[in-house]
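One-letter residues, chain by chain:
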Amino acid sequence: MSSMFRSLHEPNYRKWFGGALVSNTGTWMQRTAQDWLVLTHLTDEDATALGICMALQLGPQLLLFPFAGSIADKFPKRRLLLLTQILMGSMGLVLFVLTVTGAIALWHVYLLALLLGIVATVDAPARHAFVSELVGEKLLANAVSLNSASFNSARMLGPAIAGVMTAAAGASTVFLLSGLAFAGTVAVLLWLDGSRLHPPPPRRSEGKRGLLGGFSYLRTRTDIVVVLAVIFVVSTFGINFNIYTATMARVEFDRDAGAFGLLNSVLAVGSLTGALIAAKRELPRLRIVFFAAGGFGLACGIAAVMPDYWTFAVALMLIGFSSITMLTCANAYVQTTTPAHVRGRVMSVYSAVVMGGTPLGAPFAGWVADLLGPRAALGVGAAAGVAGMLVGAIWMLTAKHLRVERVRHSRLRLIHFTYDGHP
């Protein structure tokens, strides 16, 4: 098996990879059908309402992440994930019942989005930290990248399936299948070989046990803090993909649900490519995070000026590639350089930064799309990417993590040193 897929040598991880692919596909099916339902049936193409729905689903990350990280570090992650996956699947089935009976209203979607966000806030750090228990520290960076590949494979399949099924059979069928898909991860969690798991070592000190243990640790890690700052800027004001694809498909190009789903799948093609390339790297590098943020800004700028549906779809591949390269490298860097005993709390901060800015960014992107058009919303994303790159570049210079060294023929070479001192 090639180095790109070396984590799949581990039987438990192979099972996890397959189960996560099924449940993530269901998640993307549900999100695609839900967004289209809000935009076209429950409102009159109101992008702001779509942004509010996203904000409610992702907003709990801002308020609950210290508790979620502490829970992830305190309780067995396998049992915790069993509970969260069952609850998340149940919410998809509730949406199915409401939709198939015709009782669905906008406030139902808002409430379920909020409840899903609360459960997902607990699920995310537990899921991130559980990967190291599946593969151990040596394969962790590769497993993180393959997780992104699984996620983006689902992101490619889910919207395409949901778009076709929504157009052919209605959103209710999509909600039914998405709710049942979570059974895939539940089955895998029950099926894992407990003797092959790598439990974390006992916690070392009292100071790292509280709710704020993640922040106490981060005060000693300025490199991780700047990564979180870059990710926050780009995620909050740039990574609002559902608003971009829904409004461009419906408002700018006058396309149907199938075309909307296809755009999300095309976006995921670029994302999957970026994740697989990241899986080949032995070590994640900070400079890749910063360069990818700039690439994301450039890609959003290109997409904003594309004249028709198909050229816009091509530009989405660039957006997907650059964004997932940035996020995967950031995720792997944070996990592989953080001790296991505090990893759940640090990853809860990471998850809050990635998703928690959405209550600010998604309604703002929706408001810009309503007021100035979808292309202007993409322009905001372009500015966010450039700003993120500048934050990283300024830190590398001011923190003296860069030096210029003369090499043969009087050429100058820029050397960047990561946290552990390796260029």
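Residues numbered from 1 in each chain as written. Predicted model: local features only at pLDDT ≥ 70, side-chain atom pairs only at ≥ 80, totals over all residues. Heavy atoms only, no water.

1. Quick look at the overall build of the chain
- Per the secondary structure count, the chain includes 17 helices and 2 strands.
- The burial tally for the chain puts 57% of its 423 residues in the buried class.
- Sequence-distant contacts in the chain: of pairs separated by 6 or more residues, those separated by 24 or more amount to 84%.
- Entry remark: accessible area of the chain is about 16,900 Å², with carbon and sulfur atoms responsible for 68%. (Helix = DSSP H or I, 4+ residues; strand = E, 2+ residues; numbered from the N terminus. Buried < 20%, exposed > 50% of the residue type's maximum accessible area, 1.4 Å probe, protein only. Contact = heavy atoms within 4.5 Å. Areas by Shrake-Rupley, 256 points an atom, 1.4 Å probe, with all protein chains shown as cover.)

2. Notes on a nonpolar patch on the surface
- Together, Trp107, Leu111, Leu114, Leu115 and Ile118 make up a nonpolar patch on the protein surface, roughly 440 Å² of accessible area in all.
- With respect to the helices and strands, Leu111 occurs in helix 5 (residues 106-135).
- Note on Leu111: relative accessible area 41%, which makes it partly exposed. (Patch = residues over 30% accessible without salt bridge, like charges linked within 9 Å, V, L, I, M, F, W, Y side chains within 5 Å. Salt bridge = Lys/Arg side-chain N within 4 Å of Asp/Glu carboxyl O.)

3. Let's talk about the packing of helix 12 (residues 257-279) against helix 14 (residues 309-336)
- Following both chains from N to C, one finds helix 12 and helix 14 inclined at 40°, their axes separated by 7 Å at the closest point. Like other packed secondary-structure pairs, helix 12 and helix 14 cross with a definite hand, here right-handed. (Axes fitted to C-alpha atoms, helices over the stretch in contact; angles between N-to-C directions. Left-handed = near helix turned anticlockwise from the far one by under 90°.)

4. Brief notes about the packing of aromatic side chains
- Tallied over the full model, the rule gives 8 aromatic pairs.
- With a centroid separation of 5.4 Å and an interplanar angle of 65°, the aromatic rings of Trp16 and Phe130 are classed as edge-to-face. Of this pair, Trp16 sits in helix 1 (residues 11-42) while Phe130 is found in helix 5, placing the two residues 114 residues apart along the sequence. Residue Trp16 shares its accessibility class with Phe130, and that shared class is buried.
- A centroid spacing of 4.9 Å and a plane angle of 90° characterise the contact between Tyr309 and Trp310, whose relative ring orientation is edge-to-face.
- Owing to a relative accessible area of 2%, Tyr309 belongs among the buried residues under this scheme. (Phe/Tyr/Trp six-rings, centres within 6.5 Å; stacked < 30°, edge-to-face > 60°.)

5. Observations concerning unusual backbone geometry
- Not every positive phi belongs to a glycine, and Asp254 is a case in point at roughly 55°.
- By secondary structure assignment, the location of Asp254 is in the loop between helix 11 (241-252) and helix 12.
- Residue Asp254 is classed as exposed on the basis of its relative accessible area, which comes to 63%.

6. Observations concerning the packing of helix 1 against helix 7 (residues 171-181)
- Two elements in contact, helix 1 and helix 7, have axes separated by 8 Å at closest approach and are oriented at 155°. Classified by the interaxial angle, the pair formed by helix 1 and helix 7 is roughly antiparallel. The hand of the helix 1/helix 7 crossing is left-handed. Seen from helix 1, the contacting residues are Val22, Ser23, Gly26, Met29, Gln30, Ala33, Gln34 and Leu37; seen from helix 7, they are Ala171, Val174, Phe175, Leu177, Ser178 and Ala181. (Parallel < 35°, antiparallel > 145°, perpendicular 65-115°, else oblique.)

7. Describing the pattern of salt bridges
- Going through the model one piece at a time under the given rule, you end up with 5 salt bridges.
- Here Lys77 ties to Glu133 by a salt bridge, and the two come within 3.4 Å at their closest N and O atoms. Residue Lys77 is located in helix 4 (residues 77-100), and its partner Glu133 is located in helix 5; the two are separated by 56 residues in the primary sequence.
- What makes Lys77 buried here is its relative accessible area of 8%.
- For Glu133, a relative accessible area of 10% puts it in the buried group.
- We note a salt bridge from Arg375 to Glu252, for which the minimum N-O separation is 3.0 Å. Here Arg375 is found in helix 17 (residues 374-398), whereas its partner Glu252 is found in helix 11, with 123 residues between them in sequence.
- Residue Arg375 is classed as partly exposed on the basis of its relative accessible area, which comes to 24%.

8. Some thoughts on the side chain of Thr99
- Residue position: Thr99 is located in helix 4.
- With near-sequence residues (within four places) excluded, Thr99 lies in contact with Ile104, Ala171, Ser172 and Phe175.

9. Some remarks on the nonpolar core
- If you look at the biggest cluster of nonpolar residues, it comprises 70 residues, and the most contacted ones within it are Ile231, Phe290, Phe312, Ile319, Met326, Tyr350 and Leu378.
- Element by element, the count of residues in this core is highest for helix 14, at 12 residues.
- Residue contacts for Leu378: discarding those within four places in its chain leaves Tyr244, Met248, Cys300, Ala303, Ala304, Phe312 and Ile319.
- Counting 24 residues, the second largest nonpolar core, distinct from the first, contains Leu8, Phe130, Leu197 and Ala332. (Core = buried A, V, L, I, M, F, W, Y, C linked by side-chain atoms within 4.5 Å.)

10. Focus on helix 8 (residues 183-191)
- Turning to helix 8, its buried residues number three or more, namely Gly184, Thr185, Val186, Val188 and Leu189.
- In this fold, the buried residues of helix 8 make contact with helix 1, helix 4, helix 5 and helix 7.

11. Thoughts on the environment of Val144
- Inspection of the secondary structure puts Val144 in helix 6 (residues 140-169).
- For the pair Val144 and Ser7, spaced 137 residues apart in sequence, the C-alpha to C-alpha distance is 9.4 Å.
- Setting aside anything within four residues of it in sequence, one finds Val144 in contact with Thr328, Asn331, Ala332 and Gln335.

12. Some points on the environment of Gly158
- Note on placement: Gly158 falls in helix 6.
- Judged by its relative accessible area of 0%, Gly158 falls in the buried class.
- Residues Gly158 and Leu262, 104 residues apart in the sequence, show an inter-C-alpha distance of 9.8 Å.
- When sequence neighbours within four positions are dropped, the list of residues in contact with Gly158 reads Thr25, Trp28 and Met29.

13. As for helix 2 (residues 47-58)
- Here helix 2 contains 12 residues, and its C-alpha end-to-end distance of 17 Å stays within 8% of the 16 Å for a straight helix at 1.5 Å per residue.
- Within helix 2, 9 of the 12 residues are buried, which leaves it mostly tucked inside the rest of the structure.
- Looking only at helix 2, the buried set comprises Ala47, Ala49, Leu50, Gly51, Cys53, Met54, Ala55, Gln57 and Leu58. (Expected span 1.5 Å × (residues − 1).)

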